[in-house]
Amino acid sequence: MEFQELIKHRYSVRAYKPDPVEDEKIMLVLEAARLAPTAGNRQPFQIVVIHTKGREGDLRAVYPREWFTQAPLVLCVVGTPSTAWVRRDGRQYLGVDSGIVMDHIILAATDLGLGTCFIAAFDEAKAREVLALPDEVEPVLLTPLGYPDDMPGIKQRKALEELIHFERW
């Protein structure tokens, strides 16, 4: 898909078909994540791939929406704070890097006809428990991954003029 069409076509999917996702497509999505730019090219992330079948209850403890476990897969971007780049003023870029990684996942999935939904409002303690995460990593973002079973609505976005400043504020 041409890039401008791709970014217009992407939407937050909240209904999924139970159809399995082909391994080839999963690997293409994961490869897109691997190629995402990160600060200092440190790649301070890993991805946990979870098959939802049989784990619906555990996963709903992490994020309680019914549609979250309709997709055959959930991906969790986890960060490794100790390896993230830190700016001179102390600001760590793990969250930024993780967001870029998730964006690559979402756009690659859309290009392959798959649906996703960027999820940050989840129960971190439950995610740690369900995914058996070690103390040195933190769950940052989640998305279901599967074939959409809904249609996108009209995107509500601010006008470009409301978002852009040239040269100065």
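Shown above is the structure to which this text applies.
Heads up: these notes are all about the structure in this document. (Residues numbered from 1 in each chain as written. Predicted model: local features only at pLDDT ≥ 70, side-chain atom pairs only at ≥ 80, totals over all residues. Heavy atoms only, no water.)

Things to note about the overall build of the chain
Right, on to step 1. Along the backbone of the chain there are five helices and three strands.
Right, on to step 2. Starting at the N terminus and walking to the C terminus, you meet the elements of the chain as α-α-β-α-β-α-α-β.
Right, on to step 3. In terms of overall dimensions, the chain is globule-like: its C-alpha atoms have a radius of gyration of 17 Å, near the 15 Å expected for 169 residues.
Right, on to step 4. For the chain, the spread of C-alpha atoms along the principal axes amounts to about 50 × 40 × 30 Å.
Right, on to step 5. A fraction of 78% describes how many contacts in the chain between residues 6 or more apart in sequence connect residues 24 or more apart.
Right, on to step 6. Carbon and sulfur atoms make up 53% of the accessible area of the chain, which totals about 10300 Å².
Right, on to step 7. Charged side chains of the chain number 20 positive and 25 negative; the gap between the two group centres comes to 4 Å. (Helix = DSSP H or I, 4+ residues; strand = E, 2+ residues; numbered from the N terminus. Rg over C-alpha atoms; globule rule 2.2 N^0.38 Å. Contact = heavy atoms within 4.5 Å. Areas by Shrake-Rupley, 256 points an atom, 1.4 Å probe, with all protein chains shown as cover. Lys, Arg positive; Asp, Glu negative; His and termini not counted. Charge placed at Lys NZ, Arg CZ, Asp CG, Glu CD.)

Description of unusual backbone geometry
Right, on to step 1. Here Asn41, not a glycine, exhibits a phi torsion of approximately 50 degrees, which is positive.
Right, on to step 2. By the element assignment, Asn41 lies in the loop between α2 (23-34) and β1 (45-51).
Right, on to step 3. Located in the positive-phi region is Ala132, a residue other than glycine, with phi close to 50 degrees.
Right, on to step 4. By the secondary structure assignment, Ala132 is in the loop between α5 (124-130) and β3 (138-145).
Right, on to step 5. Assessed through its relative accessible area of 63%, Ala132 is described here as exposed. (Buried < 20%, exposed > 50% of the residue type's maximum accessible area, 1.4 Å probe, protein only.)

A short note on the pairing of strand β2 (residues 73-79)
Right, on to step 1. For β2, the tally of buried residues reaches seven of seven residues, placing the bulk of the element in the interior.
Right, on to step 2. Burial along β2 is two-sided: Leu73, Leu75, Val77 and Gly79 facing one way and Val74, Cys76 and Val78 facing the other are all buried.
Right, on to step 3. Note: β1 against β2, seven bridges, orientation antiparallel. Bridge pairing links Phe45 to Gly79 in β2. (Pairing = 2+ DSSP bridges.)

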